[in-house]
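Descriptive structure summary
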Amino acid sequence: MKQAIFRASTALAVLGMAIPAGAQTDRAPAVQAEPAAQMDAAKAAALAEAMRASELWIEGQRRYRNIPAISAAVALGDRTVWAKGFGATDRGQDKPATPETIYSICSISKLFTAVALMQQWEQGKVALDAPITQYLPWARLADDPRESVPITLRGALTHSAGLPREADFPYWTGPDFTFPSQEQVRATIGSQSPLYPASTTWQYSNLGLTLVGETVEAVSGRPYADYVTANILEPLGLSDTRPGIPAELYGKQMAVGWGALEADGTRPELKLFDPAGIAPAAGFSASVADLAKFASWTFRLARTGQREVLRPSTLREMERVHYVSPDWETNWGLGFAVRNIGGTTVVGHGGSCPGYRSMLMLAPAEEMGVAIAMNAMDDPGRLAEGIAALIKARGEAKPFDAVEGVDLAEFAGVYDGQPWSGEFMFVPWAGGLTWIDPDAGAPADKMSRLKPLGGDRFRVISPSGEEREEVVFERGRAGKIHTVRQHSNTSRRLRPL
């Protein structure tokens, strides 16, 4: 609800190629894996280490933040190379989350609505810069004395039309979250005034994307939900994605929703909502497995140059910047948020509805996508950024030479950081070990590494590559690692990984 836009602070960068689908995943790959002879074993191993570190970090974030359930997936090219669920999705906390768990994806719905509108544009049924009232005569706001260019579909898609943020109903207010019907939205829009003259500033607007969905319905001659299902979801094989909320699956395949974290560490239960007339802007539900498929579709379309749901040139038009805010801080394409981060163009959208938050981040040039969904009001963008950063860091890490007799798995584990911190972990990383702090907001930030010296001895290598102090792991009588010694002080190993 609040803003619910795409946000990123870490460039998405891949390991240099699409990793074959043999990497760890909780579901079958979308396409057949490459023959073993064509696999790059080093890159596949690097991805596996990055994803193992991601799993440990995400589960730590889930526990520290008391997030009941998280599902996550990574797409590289045509493949979902990793997908996993964390925590439990029902009120009793008994049903494990999976990549196929369904969540409200709220404002990620806008991407599907934008695709549907651009299909009409390809057919010549709409013009992006015509007044929106040309297609929706009833969508005429109250008179406004300020001079303005017309409210257009391009303005609605880029949140620059000056429209009110919402239809005039308190649907983000609990405990019931009562959304207006389509008829109510239509009946009341004439009493709403523009917030700003069109094309003068950026104002996120669920009302705007609702009107885009209404336009799809008006020019296609089909109910919006039927149109999107038949022309986008079914052709792409998105069987767990719907332009609505499947109440019959609530507490089963669909995760139940929880609120924001309270001071005592608990989260309140939230009622399931019906997005009703706001569905084109905020009403879809989906699994991260389907969001990863959607990501792969965008990469495939651009790579092959073959029409599939859209023409490649249309998708390219959607993913380029069409509006820049006056402060130069916000860039928007046609439905897609667009960022240039460290030289990498990242597009996508976030979602935030009562009880659910989600994020879909795409790096088109690298053909990499990260999808996150959770059933609590927390920050999925941080998780998506963290996964991307770990993949990038592992891909850039120069491997240490192997040392005979050193098995890194012997040293991997969860260690006690008290009283200075909570638990921390050592994980195998590019021929050595690295630290993972499960409570860290940015797990790949300034990563130090441990270089094996032989036996139970390692050398700290700083993030800048400098050799530092020696670290020694100590064994108990059974020959198992039980402590790590650094600067004459020890930390106890709590459990192996």
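Remember, predicted model here, so these are calculated numbers, not experimental data. (Residues numbered from 1 in each chain as written. Predicted model: local features only at pLDDT ≥ 70, side-chain atom pairs only at ≥ 80, totals over all residues. Heavy atoms only, no water.)

1. Points about the packing of aromatic side chains
Under the convention used in this document: Pairing of aromatic rings covers Phe, Tyr and the six-membered ring of Trp, with a centre-to-centre limit of 6.5 Å; geometry is then stacked below 30 degrees between planes, edge-to-face above 60, and tilted otherwise. Definition used: whenever NZ (Lys) or CZ (Arg) falls within 6 Å of the ring centre and also within 35 degrees of the ring normal, the charge is taken to sit over that ring.
By the definition in use, this model includes 20 aromatic pairs. The rings of Phe 411, Tyr 415, Phe 424, Phe 426, Trp 435, Phe 458 and Phe 473 are connected pair by pair, giving a single aromatic cluster. Sitting over the face of the ring of Trp 258, Arg 91 holds its NZ or CZ atom 4.6 Å from the ring centroid. Lying across the ring of Phe 400, Arg 449 places its NZ or CZ 4.0 Å from the centre.

2. Comments concerning the packing of helix 1 (residues 41-65) against helix 10 (residues 380-396)
What counts here: What counts as an axis is a line fitted to C-alpha atoms, over the stretch in contact for a helix, and the angles between N-to-C directions run from 0 to 180 degrees. A run of H or I in DSSP counts as a helix once it spans at least four residues, and a run of E counts as a strand once it spans at least two, with each numbered from the N terminus. Relative orientations are named as follows: roughly parallel for angles under 35 degrees, roughly antiparallel for angles over 145 degrees, roughly perpendicular for angles from 65 to 115 degrees, and oblique for any other angle. Left-handed describes a crossing whose near helix is turned anticlockwise from the far helix by less than a right angle; the clockwise case is right-handed. By the convention used here, residues are in contact when the closest approach between their heavy atoms is within 4.5 Å.
Packing of helix 1 against helix 10 leaves a shortest axis separation of 9 Å and a crossing angle of 150°. Judged by the inter-axis angle, helix 1 sits roughly antiparallel to helix 10. Remark: the crossing between helix 1 and helix 10 carries right-handed chirality. Of the residues in helix 10, those in contact with Ala 46, Leu 47, Glu 49, Ala 50, Met 51, Ala 53, Ser 54, Trp 57, Ile 58, Gln 61 and Arg 65 of helix 1 are Arg 382, Leu 383, Gly 386, Ile 387, Leu 390, Ile 391 and Arg 394.

3. Remarks on helix 9 (residues 312-319)
Note the following rule: The rule is simple: take the accessible area with a 1.4 Å probe, protein chains only, and divide by the maximum for that residue type; under 20% is buried, over 50% is exposed, in between is partly exposed. Arc definition: it is the arc formed by the directions from the helix axis to the C-beta atoms.
Residues of helix 9 that are buried include every one of Pro 312, Thr 314, Leu 315, Met 318 and Glu 319, and no others. Looking straight down helix 9, one finds its buried side chains confined to an arc of 160°; they lie on one side. Residues of helix 9 that are buried make contact with helix 2 (109-122), helix 8 (288-304), strand 7 (337-341) and strand 8 (344-353).

4. Quick word on the packing of helix 2 against helix 5 (residues 206-220)
Close contact between helix 2 and helix 5 brings their axes to 9 Å; oriented N to C, the two are set at 40°. Our classification of the angle between helix 2 and helix 5 gives oblique. Viewed along their axes, helix 2 and helix 5 form a crossing whose handedness is left-handed. Taking contact as the criterion, the partners of Lys 110, Thr 113, Ala 116, Leu 117 and Gln 120 in helix 2 are, on helix 5, Asn 206, Leu 209, Val 212, Gly 213, Thr 215, Val 216, Val 219 and Ser 220.

5. Description of unusual backbone geometry
Residues Gly 174 and Pro 175 are joined by a peptide bond in cis, for which omega reads 5°. Here the residue pair Gln 418 and Pro 419 is connected by a cis peptide bond, since its omega of 5° sits within 30 degrees of zero. Turning to its location among the elements, Pro 419 is positioned in the loop between strand 11 (413-416) and strand 12 (423-429). Notably, Val 309 is not glycine yet its phi reads approximately 75°, a positive angle. Considering the arrangement of structural elements, one finds Val 309 in the loop between helix 8 and helix 9. Phi is positive for Ala 430, which is not a glycine, with a value near 55°. The residue Ala 430 is located in the loop between strand 12 and strand 13 (432-436) in this model. Judged by relative accessible area, Ala 430 falls into the buried class, the value being 0%.

6. Some details on the side chain of His 349
We apply this condition: Definition of a polar contact: a pair of N or O atoms within 3.5 Å, with one able to donate and the other able to accept a hydrogen when the atoms are protein atoms, and with sequence-neighbouring residues admitted only if both atoms are side-chain atoms.
With respect to the element layout, His 349 can be found in strand 8. In terms of polar contacts, His 349 uses its side chain to reach the backbone carbonyl oxygen of Ser 107, at 3.5 Å.

7. Let's talk about the pattern of salt bridges
We count it as follows: Any Lys or Arg side-chain nitrogen located within 4 Å of an Asp or Glu carboxyl oxygen qualifies as a salt bridge.
Under the defined criterion, the tally for this structure stands at 31 salt bridges. Residue Arg 394 pairs with Glu 49 through a salt bridge whose shortest N-O separation is 2.7 Å. Here Arg 394, found in helix 10, pairs with Glu 49, found in helix 1; they are 345 residues apart in sequence, far enough to count as distant. Across the salt bridge formed by Glu 470 and Arg 457, the nearest N and O atoms sit 3.1 Å from each other. You can see Glu 470 sitting in strand 16 (residues 467-475) and its partner Arg 457 sitting in strand 15 (residues 457-461), a full 13 residues away along the chain. Three or more residues are tied together by salt bridges with common partners; here these are Arg 65, Arg 267, Asp 378, Asp 379 and Arg 382.

8. Some details on the state of the cysteines
Inclusion rule: Here, a disulfide means two cysteine sulfur atoms that sit within 2.5 Å of each other.
Tallying each qualifying case throughout the model produces 1 disulfide. At a sulfur-sulfur separation of 2.0 Å, the disulfide partner of Cys 106 is Cys 353. Torsion about the S-S bond of the Cys 106 and Cys 353 cystine: about 60°, corresponding to right-handed handedness. Here Cys 353 lies in strand 8 and Cys 106 lies in strand 3 (residues 103-106), a separation of 247 residues in the sequence.

9. Points about the pairing of strand 17 (residues 481-486)
Definition in use: In this scheme, strands are said to pair when DSSP sees at least two bridges between them.
One ladder, built from 5 bridges, connects strand 16 with strand 17; its direction is antiparallel. For Val 472, the partnering residue across the bridge sits in strand 17 and is Arg 485. Counting the residues that bridge the hairpin from strand 16 to strand 17 gives 5 residues, and of these Gly 479 lies at a positive phi of roughly 85°. Direction of pairing for strand 17 relative to strand 18 (residues 489-496): antiparallel, over a ladder of 4 bridges.

10. Things to note about the sheet that holds strand 16
Read once around its circumference, the closed barrel built from 8 strands follows the order 11-12-13-14-15-16-17-18, with strand pairing classed as antiparallel. Neighbour-to-neighbour, the strand axes of this sheet turn through a mean angle of 35°, independent of strand direction. Running at roughly 170° to strand 12, helix 1 makes contact with strand 12, strand 13 and strand 18 of the sheet.

11. Notes on the pairing of strand 7
Here 5 bridges tie strand 7 to strand 8, and the two strands are oriented antiparallel to one another. For Val 338, the partnering residue across the bridge sits in strand 8 and is Val 347. Hairpin remark: strand 7 followed by strand 8, antiparallel, with 2 residues in the connecting loop; positive phi at Gly 342, about 60°.

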